[in-house]
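# Architecture and fold: a report
Below are the chains, spelled out letter by letter.
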Amino acid sequence: MTLTNSEAYLLCIEPTCAKRYRIDERLYTCSLCGALLDVQYSFNLTSSATQTKNIFRDRRTIDSDLERSGVWRFRELLPFVNDFSKVVTLSEGNTPIYRAPRSAEYAGLKELRLKHQGLNPTGSFKDNGMTTGVTQALALGASAVACASTGNTSASMAAYAARAGLRAFVFIPADQIAYGKLSQSLEYGARVIEIEGNFDDAMRLVRELTQETDVYLLNSINPFRLEGQKAIIIEMMEQCEWEPPDWIVLPGGNLGNTSAFGKGLAELKELGFIDRMPRLAVIQAEGASPFYEMFRSSRESLSPVANPVTLATAIRIGDPVSWKKALRAINWTNGVVERVSEQEIADAKALIGADGIGCEPASAATLAGIKKLAQSGMIDKSDQVIGVLTGNLLKDPNYTIRYHTGELKLEEAGMQHQIEGNFANKPLRAAANKEEIRRVLEI
Ligand SMILES: *Cc1c(COP(=O)(O)O)cnc(C)c1O
């Protein structure tokens, strides 16, 4: 049952162009002006906002594929699908919001909540977008899908393609992918090609190849992915009883998630599901912060960073595809952009672990950014803040072990920068006898 007769189409985001396309056209950018496209709707919900909210909630008690998904449970707000029996889902979404008292104290806030998108089927929020992206690939009759990836996009695409019976081609920068992520793509059966270059090279090549062949592109330039990621916001607002927090904080790499959050919030507001906009705060790593630079200097266009560096590989992106949509999201929400150092990311990650939650490095930029924004007074210590953790702790075990053993280093232009293990928890070593163990553990 779907309570809508809304109409869906593709729309060029450039206001001076605003070209419309049919929803089943296989396009990633506007064929007139080259700008990004939105999946746009003339919403026509057959129930009130309050009734629809109740329907969303009631669906959680129904044990069917569609209702078990934290994306498709909200399908009236992403009505681009004709045949819901062809949806490709792994019961994505449905991620918890945790109270994080130690992280709150560390950041200087009275309270902090963390929504953990790392608890998705493949361990990152990319699953929210792949369920919609791969569903659209099937609807368009594609036989193969492809993406360039710093790891999580490929892991997720590989899983959903396998579920759908589609071939999957993954383009990754050689030697820059965390093992947890690479292992997933291999296990799910994708063809993995390691490009001798960085992420931005891989991205450019996969874009050209998907223009020239009928392989369907599933990077976040694909607007259907962002529709699924929008559900992160819908679910978050439902978990807040539709009472938005003051701030929603997330890391920014290619800026697809920032774009999806902005679009989700704008639509919820327009449809009367929420009555005010929370502010978005996007956090970048210092060595990969072109969006921050643009925001800080109030420029209208983004200057790419040629050689992005950060150990938070998921946000190691110098030329973010979705910056225009992300800028729109910042404008719609009176948002801000901050950047944080490698040391700040590493320490924040350990603190999130100390709360019994844990996450991958890129996700910890969220807490590091909250701390910085609280210190500068941008975020007030009594503000309601929800930080988004984007990926699972187990994605990048090497990073975590190195931090706790004092061996974490960033290599940049032939130089090595040591990251201090300020909150390190080194393994202990003891001879195999009880006295020695009691001595070491002080028990
Ligand atoms: C993809 C990813 C990001 C960056 O998200 P963008 O939408 O590219 O800005 C951050 N953290 C993790 C764990 C990711 O997988």
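Everything numeric in this text was worked out from a predicted model, so none of it was measured. (Residues numbered from 1 in each chain as written. Predicted model: local features only at pLDDT ≥ 70, side-chain atom pairs only at ≥ 80, totals over all residues. Heavy atoms only, no water.)

### Some details on the overall build of the protein chain
What counts here: Working definition: helices are DSSP H or I runs of at least four residues, strands are E runs of at least two. Numbering for both runs from the N terminus. Note on method: radius of gyration uses C-alpha positions; expected globular size equals 2.2 Å times residues raised to 0.38. For the exposure calls, accessible area comes from a 1.4 Å probe over protein chains only, and a residue counts as buried if that area is under 20% of its type's maximum, exposed if over 50%, partly exposed in between. In this analysis, two residues are considered to be in contact whenever any of their non-hydrogen atoms come within 4.5 Å of each other. Residues scored as positive are Lys and Arg, those scored as negative are Asp and Glu, and His as well as the terminal groups of each chain are ignored. Positions of charges follow a simple convention, taking NZ of Lys, CZ of Arg, CG of Asp or CD of Glu.
Scanning the protein chain from N- to C-terminus turns up 15 helices and 15 strands. Against the 2.2 N^0.38 benchmark of 22 Å for 443 residues, the protein chain shows a C-alpha radius of gyration of 21 Å, consistent with a compact globule. Referenced to the eigenvectors of the C-alpha coordinate spread, the extents of the protein chain come out at roughly 70 × 50 × 45 Å. Within the protein chain, the proportion of its 443 residues that are buried is 60%. Taking the contacts inside the protein chain whose residues are at least 6 apart along the sequence as the reference set, 69% of them involve residues at least 24 apart. A distance of 2 Å separates the average location of the 49 positive side-chain charges in the protein chain from that of its 53 negative side-chain charges.

### Examining the site of the ligand
Rules: We define proximity as follows: a residue is near a molecule or strand when any one of its heavy atoms falls within 4 Å of that partner. A 3.5 Å cut-off defines polar contacts: any pair of N or O atoms within that distance qualifies, except that in protein one atom must be a possible hydrogen donor and the other a possible acceptor, and neighbouring residues in sequence count only when both atoms are side-chain atoms. Where accessible areas are quoted, they stem from the Shrake-Rupley method and a 1.4 Å probe; at the residue level, only the protein chains shown are allowed to cover. Think of it as three bins: nonpolar holds Ala, Val, Leu, Ile, Met, Phe, Trp, Tyr, Cys and Pro, charged holds Asp, Glu, Lys and Arg, and polar takes everything else, Gly as well.
The environment of the ligand is made up of 16 residues, and the closest members are Lys126, Asn152, Gly253, Leu255 and Thr390. The separation between an oxygen atom of the ligand and a polar main-chain atom of asparagine 254 is 2.8 Å. A distance of 2.8 Å separates an oxygen atom of the ligand from a polar backbone atom of leucine 255. Bound to the protein, the ligand loses 97% of the 380 Å² it would expose on its own. Of the residues belonging to the shell around the ligand, the class tally is six nonpolar, eight polar and two charged.

### Overview of the environment of arginine 68
Within the fold, arginine 68 resides in helix α2 (residues 65-68). Linking arginine 68 and proline 278, residues 210 residues apart in sequence, is a C-alpha distance of 27 Å. In this structure arginine 68 touches Ile62, Asp63, Ser91, Glu92 and Asn94, once residues within four positions along its chain are discounted.

### Some thoughts on the nonpolar core
Which entries qualify depends on this criterion: By nonpolar core is meant a set of buried Ala, Val, Leu, Ile, Met, Phe, Trp, Tyr and Cys residues that side-chain atoms within 4.5 Å join together.
Formed by 98 residues in total, the largest nonpolar core has its most connected members in Phe80 and Phe291. Here this core gets seven residues from one element, more than from any other, and that element is helix α8 (residues 223-239). Here phenylalanine 80 is in contact with Ala8, Ile23, Val39, Tyr41, Trp72, Thr132, Gln136, Phe224 and Glu227, once residues within four sequence places are set aside. Counting residues in hydrophobic clusters, the runner-up holds 42 residues, among them Leu109, Leu311, Leu351 and Leu389.

### A closer look at the packing of aromatic side chains
The line we're drawing: Centre distance within 6.5 Å is the pairing criterion for rings of Phe, Tyr and Trp, where only the six-membered ring of Trp is used; planes under 30 degrees apart are then read as stacked, over 60 as edge-to-face, and the remainder as tilted.
Evaluation of the coordinates by the stated rule reveals nine aromatic pairs. Between phenylalanine 56 and phenylalanine 273, the aromatic rings sit 6.2 Å apart at their centres with planes inclined by 25 degrees, giving stacked as the arrangement. One end of the pair, phenylalanine 56, is in helix α1 (residues 49-59); the other, phenylalanine 273, is in the loop between α9 (256-270) and β11 (279-285), and 217 residues separate them in sequence. Residue phenylalanine 273 is classed as buried on the basis of its relative accessible area, which comes to 2%. Here the aromatic residues Phe56, Phe74, Trp242 and Phe273 are joined through ring pairs into a cluster of three or more.

### Digging into unusual backbone geometry
Glycine aside, the phi torsion of most residues is negative, and most peptide linkages are trans. Notably, alanine 18 is not glycine yet its phi reads approximately 50 degrees, a positive angle. One can find alanine 18 in the loop between β1 (7-12) and β2 (20-22). The backbone of leucine 255 shows a phi angle near 75 degrees, a positive value even though the residue is not glycine. Residue placement: leucine 255 occurs in the loop between β10 (247-251) and α9. Residue class for leucine 255 comes out buried when judged on its relative accessible area of 3%.

### Focus on the environment of valine 340
With respect to the secondary-structure elements, valine 340 resides in strand β12 (residues 336-340). Taking the relative accessible area as the measure of exposure, valine 340 reaches 0% and is therefore buried. Through-space distance from the C-alpha of valine 340 to that of phenylalanine 56 is 37 Å; in sequence the pair is 284 residues apart. Valine 340 has contacts with Ile283, Gln284, Ala285, Glu286, Ile345, Ala365, Ala368, Gly369 and Lys372, leaving out every residue within four places of it along the chain.

### Some thoughts on the packing of helix α4 (residues 126-139) against helix α5 (residues 152-164)
Heads up, the rule is: Structural elements are reduced to axes, namely lines fitted to C-alpha atoms, with helices fitted over the stretch in contact, and the angle between N-to-C directions of any two is expressed from 0 to 180 degrees. An angle counts as roughly parallel when it lies under 35 degrees, as roughly antiparallel when it exceeds 145, as roughly perpendicular when it falls between 65 and 115, and as oblique in every other case. In a left-handed crossing the near helix is turned counterclockwise from the far helix by less than a right angle, and in a right-handed crossing that turn is clockwise.
Running from N to C, α4 and α5 cross one another at 45 degrees; their axes reach a closest spacing of 9 Å. Accordingly, the angle class assigned to the pair α4 and α5 is oblique. Of the two possible hands of crossing, α4 and α5 adopt the one that is right-handed. The segment α4 lies against α5, with Lys126, Asp127, Met130, Thr131, Val134 and Leu138 engaging Asn152, Thr153, Ser156, Met157, Tyr160, Ala161 and Ala164. Residues of the contact of α4 with α5, tallied by class, amount to seven nonpolar, four polar and two charged.

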